[in-house]
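Per-entry structural report
Chain by chain, the residues run as shown.
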Amino acid sequence: MESLITAAARALEAGDPLGALNRIALRNDAPSLALRGIAMAQLGDLAKAKTLLRSAARAFGPREAVARARCVVAEAEIALVSRDLNWPVKALAAARATLEKHGDLANAAHAGHIEARRLLLLGRPDEAERTLAELGALILPPASQVVRELVVAGIAIRRLKTKDARAALGRAARAAHLARIPALAAEVESASLVLDTPAARLIARGKERPLLLGEVEALAVSKALVVDTFHYSVRNGGIFVSLGTRPVLFALARHLAQSWPADVSREALIAAAFRARHADESHRARLRVEIGRLRAKLKPLADVTATKQGFALTPHKTRDVLVLARPLEEKHASILALLSDGEPWSSSALALALDTSARTVQRALDELARSSKVQSFGHGRARRWMTPPVPGFPTGLLLPGPLLKT
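Overview of the structure. (Residues numbered from 1 in each chain as written. Predicted model: local features only at pLDDT ≥ 70, side-chain atom pairs only at ≥ 80, totals over all residues. Heavy atoms only, no water.)

With an omega of 5°, the peptide bond running from Trp260 to Pro261 counts as cis. Its identity as a non-glycine residue notwithstanding, Lys317 has a phi of 60°, on the positive side. Locating Lys317 in the fold gives a position in the loop between β8 (310–315) and β9 (321–325). Here Lys317 falls in the exposed class, since its relative accessible area comes to 85%. The backbone of Ser372 shows a phi angle near 65°, a positive value even though the residue is not glycine. Locating Ser372 in the fold gives a position in the loop between α18 (358–370) and β10 (375–377). (Helix = DSSP H or I, 4+ residues; strand = E, 2+ residues; numbered from the N terminus. Buried < 20%, exposed > 50% of the residue type's maximum accessible area, 1.4 Å probe, protein only.)

See the structure below:
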């Protein structure tokens, strides 16, 4: 019977969950439950997969710490794919320590990769990089190499290092070819599309065009005055002025930059900054005050000069003024950006990733649902949100080594 367990584990390694289930579907011993859980995860039935893995962890005896730890790692990967970012990370850390202690370095590395991917989803690339560094330079199976390189690429993309990201994705593609697992190859291909998809818009002299990630990176060393709507800042070279806590000043700076070298009328600036439909003297007085504050903020980079119609931006030491705008600008663009990965997210996971309250996210999701921009399934704590249409399951849930009884 152990030959069936070994054959099922090898089928899972090859990305063949149906072949694995054909061998162990009717067995209820601990190794079979664990392998069935991984197979169901690969097939997309995450709820059933979690139930099977928890049953397997309970079924393994007290001396089978490694097998229980592997079950925890598999459950953590399911939580990652289903965007259950509240899953107890201490359990994953304990499982990783157990695997390292018993010499199962491949699965310990896999646990570290899951932890790093979670940190990336939460927007913490520095911590993700430290997690990878803790793992060291291990010789990993091809499937694990793919996951590691995807994390490396994700960190590079977050830091706008497109050359490093392309190199990591190239290594991931080669490893996926060696692994011969179609789901992994598809995930690498999907990740590579990020580099060839417009990531922002460039607005200059009244015209706009889409920018790829590499072009956004090039703006970091541009000699132009850049008004950055991603970071709510104005910069030129090494001088950086943050306006993140001053939304009115940033709105004024953006509209002045978008119209440069022309000026902007007072009425247009009042509408943009104060959202007033009809300007009166109180609005004009407030505009003069805010323009004075903007002059003081932008003094190292530019001046704001009064014209007959309104105001104009006059940059120092440069002849170009650019606006780096988001590819999609609407009220809840940040939520749509997270949902664009095609995975189902809970409202609590979105709140964690955006560092805001779950109630704020829920209100935004309800508003997006009313306009048919997102859709949900499930009820209560199991409710998940996605952007239509629903894509296929992209991640190969596979432990690097056979999940065998030890």
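Let us look at the sheet that holds strand β3 (residues 225–228). In spatial order, the strands read β2-β1-β9-β3-β4-β5; together these six strands make up an open sheet with mixed pairing. Each of the sheet's edge strands pairs with one partner strand only, and the pair in question is β2 (207–211) and β5 (239–242). With strand direction ignored, the average angle separating the axes of adjacent strands in the sheet is 20°. Pairing analysis gives three bridges linking strand β1 (residues 200–204) to β9, with the strands arranged antiparallel. (Pairing = 2+ DSSP bridges. Axes fitted to C-alpha atoms, helices over the stretch in contact; angles between N-to-C directions.)

The next subject is helix α10 (residues 162–179). Taking 1.5 Å of rise per residue, the 18 residues of α10 would be expected to cover 26 Å, and the 25 Å separating its terminal C-alpha atoms lies within 8% of that figure. Inspection of α10 places Thr162, Ala165, Ala168, Leu169, Ala172, Ala175, Ala176 and Ala179 among the buried residues, and these make up the whole buried set. Within α10, the buried residues cover an arc of 140° as seen down the axis, which keeps them to one side. Turned more than 90 degrees away from the buried face of α10, the exposed residues are Lys163, Arg174, His177 and Leu178. Structurally, α10 contributes buried residues whose contacts are with α9 (142–158), α11 (182–192) and α12 (213–219). In the stretch just after α10, Arg180 is the one whose phi turns positive, near 60°. (Expected span 1.5 Å × (residues − 1). Arc of directions from axis to C-beta. Contact = heavy atoms within 4.5 Å.)

We now examine the sheet that holds strand β6 (residues 264–265). With antiparallel pairing, the three strands of this open sheet are ordered in space as β6-β8-β7. At either end of the open sheet lies a strand with only one pairing partner, and these are β6 and β7 (302–306). Looking at chain direction, β7 and β8 are connected through five bridges and run antiparallel. Directly across from Ala306, in β8, lies its bridge partner Phe311. Sitting on the sheet, helix α15 (residues 281–298) is in contact with β7 and β8, with an inclination near 155° to β7.

This paragraph deals with the pairing of β3. In β3, alternate side chains face the same way, and those of Leu225 and Val227 on one face and Val226 and Asp228 on the other are all buried. Between the end of β3 and the start of strand β4 (residues 233–236), which pair antiparallel, lie four residues, with Tyr232 showing a positive phi angle near 50°.

With that settled, consider the environment of Asp45. Its location among the elements puts Asp45 in the loop between α3 (30–43) and α4 (46–59). According to the relative accessible area criterion, Asp45 is partly exposed, its value standing at 34%. Taking C-alpha positions, Asp45 is 9.9 Å from Ile78, a pair spaced 33 residues apart along the chain.

Moving on, we get to the packing of aromatic side chains. What the rule picks out here adds up to one aromatic pair. Ring geometry for Tyr232 against Phe250: centres 5.2 Å apart, planes inclined by 75°, an arrangement best described as edge-to-face. Taken together, the residues span a long stretch of sequence, with Tyr232 in the loop between β3 and β4 and Phe250 in helix α13 (residues 247–259) at a distance of 18 residues. Tyr232 gets classed as partly exposed once you look at its relative accessible area, which sits at 40%. Judged by its relative accessible area of 7%, Phe250 is buried. For Arg266, the ring lying beneath its charged end belongs to Phe311, and the centroid distance is 5.0 Å. (Phe/Tyr/Trp six-rings, centres within 6.5 Å; stacked < 30°, edge-to-face > 60°. Lys NZ or Arg CZ within 6 Å of the ring centre and 35° of its normal.)

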